[in-house]
Amino acid sequence: MTIYRTNTILYCNRWNDAVKFYRDGVKLRVLLQKAWFVEFELTGDSCLSVADAARTSVGSAGGDGITLSWQVADIAAEHARMLAGGIEVSPITVTWGARNFFVFDPEGNRIEFWAWTTSQTPPSTPAI
């Protein structure tokens with residue numbers, strides 16, 4: 001199998017709030033916007049979309065069992081940026097050799113921001 005692109009879709013009861021959170025708070029770039037669906041760019045080959053659960057056949061998970069985990073270059077800068085944007089963030093901690101913090105979107109989905117500590121050598125990442 002060869003996968004060229006990945007898109008995670010979150011079905012949201014609080015769709016308008018979720019769109020504002022990812023667009024205005026997290027500052028993700030909008031790639032596609034429809035009346036009930038917005039696709040955001042994470043990387044060149046990875047996207048996150050939010051869909052209005054009221055207009056789909058898939059219901060919201062309400063954040064149950066979902067963690068989005070995003071590796072970033074500068075954990076302190078991202079933490080400060082989230083705080084400055086009015087987003088509630090956890091303290092920065094160290095887990096498994098990486099510094100990380102968490103936020104929750106309006107739907108209750110947990111987002112982990114993480115970066116390797118300076119003492120940790122990142123393992124090679126195989127292509128999908």
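Look above for the structure.
Residues numbered from 1 in each chain as written. Predicted model: local features only at pLDDT ≥ 70, side-chain atom pairs only at ≥ 80, totals over all residues. Heavy atoms only, no water.

J.: How should the state of the cysteines be read in this particular structure?
T.: Two cysteines form a disulfide when their sulfur atoms are joined by a covalent bond. Under the counting rule described, the total for this entry stands at zero disulfides. Between C12, a cysteine without a disulfide, and C47, which holds the nearest cysteine sulfur, the sulfur-to-sulfur distance is 16 Å. Judged by its relative accessible area of 2%, C47 is buried. (Disulfide = S-S within 2.5 Å. Buried < 20%, exposed > 50% of the residue type's maximum accessible area, 1.4 Å probe, protein only.)

J.: Is there a simple way to think about the nonpolar core in this case?
T.: Generally speaking, soluble globular proteins have nonpolar side chains that are buried together. In this structure, Y22, V26, V50, W70, V103, I111 and F113 are the most contacted members of the largest nonpolar core, which totals 25 residues. Put simply, the parts of the chain that give this core at least two residues each are β1 (6-12), α1 (15-25), β3 (37-43), β4 (46-52), β5 (67-71), α2 (75-84), β7 (98-104) and β8 (110-116). Ranked by the residues each element gives to this core, the list is headed by α1, at five residues. When sequence neighbours within four positions are dropped, the list of residues in contact with V103 reads F21, I87, E88, V89, N109, R110, I111 and F113. (Core = buried A, V, L, I, M, F, W, Y, C linked by side-chain atoms within 4.5 Å. Helix = DSSP H or I, 4+ residues; strand = E, 2+ residues; numbered from the N terminus. Contact = heavy atoms within 4.5 Å.)

J.: Where do I start with α2 in this structure?
T.: Because an α-helix completes one turn every 3.6 residues, residues spaced three or four positions apart along the sequence face the same direction. Taken together, the buried positions of α2 are occupied by I75, E78, H79 and M82. Viewed along the axis of α2, the buried residues span an arc of 100°, placing them on a single side of the element. By the N-cap criterion, in which a side-chain oxygen at the helix start approaches the backbone nitrogen of a residue two or three places on, α2 is capped by D74, the distance to A76 being 3.2 Å. Within two residues after α2, G86 carries a phi angle of roughly 80°, on the positive side. (Arc of directions from axis to C-beta. Polar contact = N/O pair within 3.5 Å; in protein donor to acceptor, adjacent residues only side chain to side chain.)

J.: Mind showing me how you'd approach α1 here?
T.: The set of residues buried in α1 consists of W15, A18, V19, F21, Y22 and G25. Where α1 ends, the next residue or the one after it, K27, has phi of about 70°, a positive value.

J.: What is the right way to look at the sheet that holds β8 in this model?
T.: Adjacent strands of a sheet pair through backbone hydrogen bonds, lying either parallel or antiparallel. One open sheet holds the four strands; their spatial order is β5-β8-β7-β6, and the pairing between them is mixed. The open sheet has two edge strands with one neighbour each: β5 and β6 (93-95). In this sheet, neighbouring strand axes are inclined to one another by 35° on average, regardless of whether the strands run parallel or antiparallel. Sheet topology note: the β7/β8 ladder contains seven bridges and is antiparallel. For V103, the partnering residue across the bridge sits in β8 and is I111. The strands touched by α2 are β7 and β8; relative to β7, the strand with the most contacts, the crossing angle is about 20°. (Pairing = 2+ DSSP bridges. Axes fitted to C-alpha atoms, helices over the stretch in contact; angles between N-to-C directions.)

Functional significance is not addressed by these values, which are geometric in nature.
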